[in-house]
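A structural walkthrough
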Amino acid sequence: MRALAVALAGVLALALPAAAQTAAPPTLTVSGQGSAAAVPDLARLGIAVETRARRAGVALSDNNEAMRAVFGVLEATGIASPDITTSGFSVIPLRPRRAEPEGQIDAFQVVNSVEVTLRDLDRLGGLLDALIEAGANRISGPSFGFSDPASLAEQARGDAVRNARRAAEVYADAAGLALGPVLSMREGGSVGPVFEARAMVADAGVPIARGESAVTASVTMVFALEAR
């Protein structure tokens, strides 16, 4: 029995160094941010006509007339049909706030709304002027964007990875270690644009700052660390 105990102790003594050698190597986790800047090449607008009248038919007729003028402006600007989408239409009875007989209606409100994408930003200021002149009395936006955001997103992602690797190399070198292979990568959050107004649209209309957009991305990377 004593001989067996001595033998087991010897086996364990030999096994412990081997186990220590198979321990997981040290790792380094870093995050990197990247960006790719460009001038937006499209704008999105919300355009609506609101009319009111004592009778619903009159409010609707007035609204239809103004909307036909709005569509005429959009067509004259060269906006293609796929870039014009009706986003809402409503007929709402308006009742007085003061105490009146139940069911009394003061007027009817008709609202017709469209979403528009403009791809020639040099015409944006003039378009806004023309829309208001045509009868559009609710305009929201513009919201600027890109016709091909995927290419900018790819550039931003590549920039994020390069920045993460540079940071990892600095940390590893400062610790007296060498940077090993990438063990994992994870994109952080969503890739999206950040706008900064810089340049004015110089056409004869409403002054609009088109600005510049930097599409941003972030990544988290885990590297193995190795002895030099």
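These numbers come from a predicted model, not from an experiment. (Residues numbered from 1 in each chain as written. Predicted model: local features only at pLDDT ≥ 70, side-chain atom pairs only at ≥ 80, totals over all residues. Heavy atoms only, no water.)

A few words on the overall build of the protein chain. Per the secondary structure count, the protein chain includes four helices and ten strands. Ordered by position from the N terminus, the helices and strands of the protein chain form the series α-β-β-α-β-β-α-β-α-β-β-β-β-β. Taken over 228 residues, the protein chain has a buried fraction of 32%. A total of about 13700 Å² of accessible surface is found on the protein chain, and carbon and sulfur atoms cover 56% of it. (Helix = DSSP H or I, 4+ residues; strand = E, 2+ residues; numbered from the N terminus. Buried < 20%, exposed > 50% of the residue type's maximum accessible area, 1.4 Å probe, protein only. Areas by Shrake-Rupley, 256 points an atom, 1.4 Å probe, with all protein chains shown as cover.)

Quick look at the confidence of the model for the protein chain now. Summarising the model, the protein chain shows a mean pLDDT of 83, and 78% of its residues fall at 70 or more. Predicted confidence for residues 1-16 stays below pLDDT 50, and this span has zero contacts to residues more than four positions away or in other chains. In the model, residues 195-203 has pLDDT below 50 throughout and makes 27 contacts with residues more than four positions away in sequence or in other chains. (pLDDT = per-residue confidence, 0-100. Contact = heavy atoms within 4.5 Å.)

Attention shifts here to the pairing of strand β2 (residues 42-53). The buried fraction of β2 is high, at ten of twelve residues. Bridge count between β2 and strand β4 (residues 107-118): eleven bridges; the pairing is antiparallel. Following the sheet pairing, Thr51 is matched in β4 by Val110. (Pairing = 2+ DSSP bridges.)

When the terminal C-alpha atoms of helix α2 (residues 56-77) are compared, their 31 Å separation across 22 residues agrees well with the 32 Å that a helix rising 1.5 Å per residue should span. Residues of α2 that are buried: Ala59, Asn63, Ala66, Met67, Val70, Val73, Leu74 and Thr77. Angular distribution of buried residues about the axis of α2 spans 110°; they occupy a single face of the element. Seen from the buried face of α2, the exposed residues on the opposite side, beyond 90 degrees, are Gly57, Glu65, Arg68, Glu75 and Ala76. Just downstream of α2 lies Gly78, where phi reads positive at about 90°. (Expected span 1.5 Å × (residues − 1). Arc of directions from axis to C-beta.)

The next thing to look at is the packing of α2 against helix α3 (residues 124-134). When two helices pack together, their arrangement is captured by the angle between the axes and the distance separating the axes. At a minimum axis distance of 8 Å, the contact between α2 and α3 shows a crossing angle of 160°. By the criterion of interaxial angle, the relationship of α2 to α3 is roughly antiparallel. Where α2 crosses over α3, the two elements pack in a sense that is right-handed. Every residue of α3 that contacts α2 at Ala66, Ala69, Val70, Val73, Leu74 and Thr77 is listed here: Leu127, Ala130, Leu131 and Ala134. (Axes fitted to C-alpha atoms, helices over the stretch in contact; angles between N-to-C directions. Parallel < 35°, antiparallel > 145°, perpendicular 65-115°, else oblique. Left-handed = near helix turned anticlockwise from the far one by under 90°.)

Here we come to the sheet that holds strand β5 (residues 138-145). The strand order across the open sheet formed by four strands is β3-β4-β2-β5, and the pairing between neighbours is antiparallel. Two strands bound the open sheet, and with one partner strand each, they are β3 (84-94) and β5. Taken over all neighbouring pairs, the strand axes of this sheet differ in orientation by 10° on average, direction set aside. One ladder, built from ten bridges, connects β3 with β4; its direction is antiparallel. Bridging across to β4, Thr85 finds its partner in Glu115. Taken strand by strand, α2 contacts β2, β3 and β4, and its axis lies near 155° from that of β2.

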